[in-house]
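# Summary of structural features
Given next are the chains, with one letter for each unit.
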Amino acid sequence: MLKCFNYDIVCQEIPDEVTLAVNISGCSVKCPGCHSKWLWEDRGDELNEETVRILMNRYGADITCFCFMGGDAEPAEVLRLANFIRANFHSVKIGWYSGRSTLPDADNVQSSCISIGFIDAGCLSKSLYCKAFDYIKLGSYVEELGGLRSAKTNQRLFKISGGAVTVIKFSEKNIPVSE
Ligand code: SF4
């Protein structure tokens, strides 16, 4: 069961989107430099179809994107709820911030596409997850490498549109630049 620790409407996490970011507790990744250790706890209200619908009825008119922040302990459940949103709220894009280095169905992706524990954008499009999401962020948080906006980061934010997967890069001025 996924649990929602809290949520907020944000503009930085997904470029050019007003995002309802839903923080999911019970994080199984446990990055050593984690900045949100409270999300390691098993706390919050169940996140299911009913609670997603309540959130969407309350905030759907104000947002352009619904983003699952975490949920790595139960990725199939994240996928299931993403498909629920896709089927019921057509105008809203869907994102997932995952701490994984690869997608849960990486075994279904050609092994030749996997290099140094990471999947390149072209191969990601074969994943079931890329059919369900418009944005996926992959990569754990490594303190010395920094987050998405660090030039050294191990993390990647992918945009999926029309079956094509591109990496969103961030310029030195912190402006997103799609490749
Ligand atoms: S993925 Fe890493 S940084 Fe994010 S909540 Fe989990 S342990 Fe913390």
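Presented here is a report on the structure given in the accompanying data block. (Residues numbered from 1 in each chain as written. Predicted model: local features only at pLDDT ≥ 70, side-chain atom pairs only at ≥ 80, totals over all residues.)

## Some thoughts on unusual backbone geometry
Trans is the common state for peptide bonds, and a negative phi is the common state for residues other than glycine. To keep it simple, the criterion reads: For the purposes of this entry, the term helix denotes a DSSP run of H or I that reaches at least four residues, the term strand denotes a run of E that reaches at least two, and both are numbered from the N terminus.
We note that Asp16 has phi near 65 degrees; this positive angle belongs to a residue other than glycine. Note that Asp16 resides in the loop between β1 (3–10) and β2 (19–24). Here the phi dihedral of Lys30 falls at roughly 55 degrees; this positive angle occurs in a residue that is not glycine.

## Comments concerning the environment of Leu103
By secondary structure assignment, the location of Leu103 is in the loop between β5 (93–97) and β6 (114–115). On a C-alpha basis, the gap between Leu103 and Lys137 in space is 9.9 Å, while along the polypeptide they are 34 residues apart.

## So, the nonpolar core
The cut-off we apply is this: Each nonpolar core consists of buried Ala, Val, Leu, Ile, Met, Phe, Trp, Tyr and Cys residues. Their C-beta atoms, within 7 Å, join them into a set. In this scheme every C-beta is placed from the backbone, and a residue whose C-beta has 20 or more other C-beta atoms within 10 Å is buried, one with 12 or fewer is exposed, and one in between is partly exposed. Contact between two residues is assigned when their C-beta atoms, built from the backbone, lie within 7 Å.
Formed by 39 residues in total, the largest nonpolar core has its most connected members in Val22, Ile24, Cys67, Phe68, Ala82, Trp96 and Phe133. The contact partners of Phe133, leaving out residues within four places of it in the chain, are Ala82, Ile94, Gly95, Trp96 and Ile160.

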